[in-house]
Each structure stands twice: as structure tokens, then as C-alpha cells.
Amino acid sequence: MYIGSTGATGLHHLVWEVVDNAVDEAMAGFCSVIDVKLLESGGVEVIDDGRGIPVDAHPKYPGLSAAEVVLTVLHAGGKFGGEGYKVSGGLHGVGVSVVNALSQRVEVEIDRKGTRHYMSFKDGGLPDEPLRVLGDSPVGDDGTPRTGTIVRFWPDPSIFKEGITFARKTLLDRFQTMAFLNAGLEFRVTDERDPSLEVATFRYDGGIKDFVRYLNSHKEALYEEIGYFKEEGDAEEVEIAFSWNTGYQSDGIFSFANGISTTEGGMHEEGFRSALTRTINAYARSHNLLKEKDENLQGEDIREGMTAIISVRLAEPQFEGQTKSKLGNVSVRSLVTKATNERLTEWLEENPREAKATLAKAMMAQKGRIAAMNARQTIRRKSALDGAGLPGKLADCQSKDPSESELFIVEGNSAGGTAIKARDPRTMAILPIRGKILNVERAQPARMFKNTEVISLIQAVGAGLGEEFEIEKARYHKIIILADADVDGSHIRTLLLTFLFRQMRPMVEAGYIYVAQPPLFSTEVGKSKIYLKDEKARDDYKLEHPKAEFQRLKGLGEMDFAELRDTTMDAAKRTLLQINVETAVKADEVFAVLMGEDVESRKKFIQNNADDVRFLDI
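## A short note on the packing of aromatic side chains
One pass over the full model with this rule turns up 12 aromatic pairs. With 5.4 Å between their ring centres and 40° between their planes, Phe180 and Tyr214 make a pair best called tilted. Residue Phe180 is found in helix α4 (residues 168-181), and its partner Tyr214 is found in helix α5 (residues 208-216); the two are separated by 34 residues along the sequence. Each ring, one from Tyr541 and one from Phe550, has its centre 6.2 Å from the other, and the planes form 80°; the classification is edge-to-face.

## A few points about helix α10 (residues 413-422)
Listed in full, the buried residues belonging to α10 are Ala415, Gly416, Thr418, Ala419 and Ala422. Down the axis of α10, the buried set is contained in an arc of 165°. They therefore lie on one face. Looking at α10, the residues exposed on the side facing more than 90 degrees away from the buried face are Ser414 and Lys421. On its buried side, α10 packs onto β17 (406-411), β18 (428-433) and α16 (561-569).

## Quick look at the packing of helix α6 (residues 267-286) against helix α8 (residues 330-350)
It is at 8 Å that the axes of α6 and α8 come closest, and there the two elements cross at 30°. On the basis of their axis angle, the class for α6 and α8 is roughly parallel. Every pair of crossing elements has a handedness; the one defined by α6 and α8 is right-handed. Contact residues: α6 offers Met267, His268, Glu270, Gly271, Phe272, Ala275, Leu276, Arg278, Thr279, Ile280 and Tyr283, while α8 offers Val330, Val332, Arg333, Val336, Thr337, Thr340, Asn341, Leu344, Thr345, Leu348 and Glu349. Grouping the amino acids of the contact of α6 with α8 by side-chain chemistry returns 11 nonpolar, seven polar and four charged.

## A look at the pattern of salt bridges
Counted under the stated rule, the structure contains 40 salt bridges. A salt bridge links Glu509 to Arg505, with the nearest nitrogen and oxygen atoms 3.1 Å apart. On the criterion of helical spacing, the pair formed by Glu509 and Arg505 is a turn pair, its members being four residues apart in helix α14 (residues 505-509). According to the relative accessible area criterion, Glu509 is partly exposed, its value standing at 41%. Through salt bridges with shared partners, one network takes in Lys37, Glu45, Arg105, Glu107, Glu109, Asp111, Arg116, Lys122, Asp128, Arg146 and Arg152.

## Focus on the sheet that holds strand β20 (residues 513-516)
Pairing within the open sheet is mixed, and its five strands lie in the order β18-β17-β19-β20-β24. Whereas interior strands pair on both sides, the edge strands pair on one side only; in this sheet they are β18 and β24 (576-578). Neighbouring strand axes in the sheet, compared pairwise and without regard to direction, differ in orientation by 25° on average. Bridge count between β17 and strand β19 (residues 478-482): five bridges; the pairing is parallel. Across the sheet, residue Glu406 finds its bridge partner in β19, namely Lys478.

## Some details on the side chain of Glu411
Secondary-structure assignment places Glu411 in strand β17. Side-chain polar atoms of Glu411 contact the backbone nitrogen of Asp484, separated by 2.8 Å. Those residues within four positions of Glu411 in sequence are excluded, and the remaining contacts are Ile433, Leu482, Ala483, Asp484, Gly489 and Ile492.

## Things to note about the confidence of the model for the chain
Of the residues in the chain, 88% reach a pLDDT of 70 or more, and the chain-wide mean stands at 85. Contacts of residues 384-388 to residues separated by more than four positions or lying in other chains number zero contacts, the stretch itself having pLDDT below 50. The low-confidence segment residues 611-618 (pLDDT under 50) makes 11 contacts with residues lying over four places distant or belonging to another chain.

## Regarding the pairing of strand β1 (residues 33-38)
Taking burial as the measure, the six residues of β1 include five buried ones, the bulk of the element. Inspection of the sheet shows β1 paired to strand β2 (residues 44-48) by five bridges, in the antiparallel sense. Counted as the bridge partner of Asp35 is Ile47 from β2. The turn linking β1 back onto β2 is made up of five residues, and Gly42 within it adopts a positive phi angle of 100°.

## Description of the sheet that holds strand β23 (residues 551-552)
On the basis of which strands lie adjacent, the open sheet formed by three strands has the order β22-β21-β23 and antiparallel pairing. If you trace the sheet from one side to the other, it starts and ends with β22 (528-532) and β23, each paired once. By the bridge criterion, two bridges tie strand β21 (residues 521-525) to β23 in an arrangement that is antiparallel. Paired with Ser522 across the two strands is Gln551, which belongs to β23.

## Details of the packing of α4 against α5
Here α4 crosses α5 at 130°, and the two axes come no closer than 7 Å. Classified by the interaxial angle, the pair formed by α4 and α5 is oblique. Of α5, the residues touching α4 (which contributes Gln176, Thr177, Phe180 and Leu181) are Ile208, Asp210, Phe211 and Tyr214. Its residues assigned to classes, the contact of α4 with α5 comprises five nonpolar, two polar and one charged.

## A look at helix α1 (residues 8-27)
Here α1 spans 28 Å end to end across 20 residues, near enough to the 28 Å set by a 1.5 Å rise per residue. Judged by how many residues are buried, α1 sits mostly within the fold: 16 of 20 residues are covered. Where α1 terminates, the next one or two residues include Gly29, which has phi positive at roughly 95°.

## As for the side chain of Asp156
As for its position among the elements, Asp156 is in the loop between β7 (148-155) and α4. Summary of buried charges: Asp156 has no salt-bridge partner, and the nearest side chain of opposite charge, Lys161, is 7.9 Å away. Ignoring anything within four residues of it in the chain, the contact list for Asp156 reads Leu102, Ser103, Gln104 and Ile164.

## A word on the nonpolar core
Formed by 56 residues in total, the largest nonpolar core has its most connected members in Val15, Val19, Ile34, Phe153, Phe175, Phe187 and Ile309. Per-element accounting of this core gives the leading share, nine residues, to α1. Ignoring anything within four residues of it in the chain, the contact list for Val19 reads Ile34, Val36, Val46, Phe175, Met178 and Phe187. Counting 42 residues, the second largest nonpolar core, distinct from the first, contains Ala429, Ala443, Val461 and Ile479.

## Here's the deal with the pairing of strand β3 (residues 103-112)
Of all 10 residues making up β3, eight are buried, and the element is well covered by its neighbours. With eight bridges connecting them, β3 and β7 associate as antiparallel partners. Bridge assignment links Glu107 to a residue of β7, and that residue is Arg152. Alignment of β3 against strand β4 (residues 115-122), held across eight bridges, turns out to be antiparallel. Paired with Ile110 across the bridge in β4 is His117. Count of turn residues in the β3/β4 antiparallel hairpin: two residues, of which Lys113 carries a positive phi of about 50°.

## Describing unusual backbone geometry
At Lys113, a residue that is not glycine, the phi angle is positive and equals roughly 50°. Within the secondary structure layout, Lys113 lies in the loop between β3 and β4. The class for Lys113 is exposed, based on a relative accessible area of 74%. Of note in this structure, Asn288 is not a glycine but carries a positive phi near 60°. Summarising the element assignment, Asn288 is placed in the loop between α6 and α7 (299-303).

Cut-offs used in this document
- Residues numbered from 1 in each chain as written.
- Predicted model: local features only at pLDDT ≥ 70, side-chain atom pairs only at ≥ 80, totals over all residues.
- Heavy atoms only, no water.
- Phe/Tyr/Trp six-rings, centres within 6.5 Å; stacked < 30°, edge-to-face > 60°.
- Helix = DSSP H or I, 4+ residues; strand = E, 2+ residues; numbered from the N terminus.
- Buried < 20%, exposed > 50% of the residue type's maximum accessible area, 1.4 Å probe, protein only.
- Arc of directions from axis to C-beta.
- Contact = heavy atoms within 4.5 Å.
- Axes fitted to C-alpha atoms, helices over the stretch in contact; angles between N-to-C directions.
- Parallel < 35°, antiparallel > 145°, perpendicular 65-115°, else oblique.
- Left-handed = near helix turned anticlockwise from the far one by under 90°.
- Nonpolar A, V, L, I, M, F, W, Y, C, P; charged D, E, K, R; others polar.
- Salt bridge = Lys/Arg side-chain N within 4 Å of Asp/Glu carboxyl O.
- Pairing = 2+ DSSP bridges.
- Polar contact = N/O pair within 3.5 Å; in protein donor to acceptor, adjacent residues only side chain to side chain.
- pLDDT = per-residue confidence, 0-100.
- Expected span 1.5 Å × (residues − 1).
- Lys, Arg positive; Asp, Glu negative; His and termini not counted.
- Core = buried A, V, L, I, M, F, W, Y, C linked by side-chain atoms within 4.5 Å.

Structure (C-alpha cells):
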């Protein structure tokens, strides 16, 4: 209920809950360093230098210390003894009590007022003994006793049945983002499971300005200046950093509420987007950059090539949406709108060179949008004349129920023909594509409508694209990329994923996108043939069958329809890799590096990750 799942996402959420408490201390001005250690024993240790969890008797729970209440009672943390927070991080605010309930063991050490206290729990939160004093707190280099909290926990494997191994990369990505969102707060991550790994340290004194600079480091910036402003309300505050690059994407706005990534947007994003459009147009009119007869710039024109971080903090966040990642507080929209109207106008006036470059970029985007709109209209008119508007090479399925319909995007016409024979025609549609589709990361939008393969894909899905994409109109709830398991096939998959992420992103966020896993090897055992997905599967099989001989399968086009059906398409036997976006910021960064113009960044990325690309779960 509180951590979302008992899979990998929920497992890592335990770490976020503990770390969020330390971040709350940092936001209140009492913590500067958070140490996270992945213990060799499988547990996690989080150390902060905040004030330490209160240890006195709790006023509402006779006989219990405040620390024990924090660790065993939901929603009890940080709300007593005059030490509550103006704003608090996290999604539910349930903190370490949930971590305790889902762990086989928890240990807590608290340093307050020169004394170190200790308490431990087992089997989902049963105290071993009451809170006790261990002795004096360690003294720091400055001669003063240490303050803060140390939490160690070991997740319960009977609850997390998929495994209790923490992914270092997942943790590093999250802590880097948190360091960006909390200027000057230092995160240190030590992985004691592998002594060869160095301690990873994140600290950004420039906060979200450094965040924008980091995101733009893989793109060609329009100018060096990073815009920034901050505004405070009664129980809310907002800070926004922004800049523009020369790219053609308009989905570079990332928003956060109390450190939580609001991937579905919400009131803070709404306020910023509307105020941004209004303010830029007003500036263009007042400086005669837009003439009286000229049309206003649209929001997408202004946002093309924009990178922006919106970070709000509020006392009582209201999260909405399917995944609790949409902010619903109406008052935040007013604060963000007011701040953007006033402070963005000031920034434009104070930076006339950057303002002029931004407007020139938006006006070029406007021309591109009009050209793309005209091309789209031509396609729509042509589709209307042709009849149903579906591409001629689409072998559609019989079912009209999107929830059971699957679209296989198949590399090559010959493989497409084989797939048509191998499919279940009731639920499986086949769309063959020739060669490599357009790299939309580097292309102006108008060019997409001149690319036959892109047009076919748009027509087949039937839900539009870009900002006009309407997921409820999608004709399929499974889009499966079926390409060869070689370098060319990987490139085609990446091009398709780039297109889907940039132009049909709600499909990715809804979990509708999959990659088929055709086998790389086969071996014969008696009269039957066994298929093996990759080199690891082959090597594992060879350990048990050392005399086995293997044949490398060259491509989909060389499989007969029975092989393709049995290995890759039959729902009862196939393996599909679901593509999801855990962090939109990281996905944006990966696509920008792999498919953008910066060759040096791409080369460095490949060199750094050539030996281990398992974390590229984009």
C-alpha cells in the first residue's frame, strides 16, 4: 500500500523512505551530509548529521520514547516536540515505520545532546528492548559531539520474493537527482558488496541550475546563461531553473514536488507552462519582435529546445493520478504563475541577448510547426480519400479491443511475411518497416511527415503524436518491436524507441511498449530443437551439456514461420522485455546522448558502459 509493490520498485522505496527523513533535516537547515552504505550482509545503512530523532518520552504514547513511536507508528515522524517541518519530503510521509514493518531487522543509533542512544527491532518491527543509552556521542574534528541518526535495515525476503538485492545504479540516479534538488547537500554512496568500487559523491552548490547545466551537457546550448528564480508563499515555495538548446524536442520540462518526480505533471507544471507562453509573447510584442499582424507563438514553439526544472515544496502535497505522480494543489499553480510572470519578465529584460536568441529559436519552431501541420493535413486528406486511413502494408488483427490487440513492428518485408504466417490473426497485427526509420532526435518535426515508415507507424497506432497524442485512441495496448538480435537490429530498436519516447511518450509511461527477444542460438537434442536467447543462456546450457553444438541464428528473415511462432511470437512461450520510464530525466539524458549530435558524449557513454548495459532499462 505504501511502497507500491513488493518487487524491485518497492524494495528501493525502503531506502527512499529512510533517506527522505534525512533530506527533511537538510531542508530544515540541520543536515549537510548523508552517507548511504550498501552492506555486504545485504542491508542498507543511512547516516545523517541532522539533529537526531527525538528520544524523550512521547506526549501521546505513555511509556514509549519518541524514537520508538517514529519507528513503529504510521505518520508519527517529525510532528512533535516543536521539531516539525515546514515542508517534508517523500510521497506518504510514513517514513521508517513502514521500513521497520517490512524488514527482518532494523537498528537505530541516535546522537543527541552529546549522548548516543540505541534501539533494535526484528521480525517486522518487534522491539528487542526499549531505547537505551550506549554512551557519549563521538566528537567531531571541531571538538563538538556528533548529532544525527544512523539507520540500518535488512529487508524481509519473505515479503520481497523477487529478491532483496539493491541496484547500485538505481540508488545513484536517485541520489544524484536529490543532490541537484537540495543545493549544497552532499550524498556519499559506498558499496561494501564490491570493494573495487569507489565511493560515489554528489554535491551541487548550484542546485537546480547545475541540474539544467547537466542535462544540457549532452546537447548544444543556445547560450551559456541559466535562468533561475525562487518564490516563497505561506506554506509553499517554488524554484525554477531554465535554459534553451538548439534541439527540436519540446518535452524537456521536469517537475518535482517535495523531491518526488511528478512525471504526470500537475498544478505547478500547468502554472509554469501557461505563464511561460504568456510572458514570452508579451515580451516579443513589447520589443516589436512579433509584429501586430503576426500570430502569437504557441507553447510548443516556445518550449522547443527548452530544459527546465520546476521544484516546489509544500506542507501538505496532494498527489493524484494512477501512479501518485501528479500534483493537485491548486494554490501552487497560483504561486508558480505569479512567480513566472514577474521573475521571467525580469530575466528577459536583464538578459536581452539571451532573450533575443530564445525568441529567434521560438519563431523558427513556429515555422517548423506550421510546415509540419500542413504536411499532417496533407496526410489526413490523403488518408480520407484512401478510405480507412491505415497503412497499406499493415496486416491488421481481427479484434477491435485495444486491450487485447498487439502491433508487431517487424524489421524487413521478408520477416514481415513470415510474421504474418506465424501470428494469431485474431489479436496480432503486423507492420513491416524497411530499413532504419528517421532519427527524430536530430530531425525537424516537418521531416517526420516525409518519412514513409514514420507515417505508417503513426497511422497504425491511430492516436496522433507529440503534444496532440491521445492514448485513449491507441488501437493497440501492446506495441512489440521485433528486430534481429544483431547490431543493425539494435540500431533499429533504438531509433524506434527514440521515436516512441519523444512522440508517443504516454504509451511508454503506460507500459504499452515491448521488445521481442528472438533467440540467438539453437541446438538439437535428439529430434527436437532447443532455442537459447543469448550468449549467457548458451554458456549456461553448455555447462550442463558440454558436448552440445550450437548454431547461431542469423536473422528473422531466415526463420521459417513455425520457428518464429514457437520462439518469439507465441504468447505462451515468448519472452518480452517491457520498456518503462522509471525516471524521465534519465531517459531523456540517455536518448540525448545516444541519438543526439554530441559525438564525444556518445563515445564516452559507450566506453563507460560497454561492459555492463543491463541498467539501460529505458
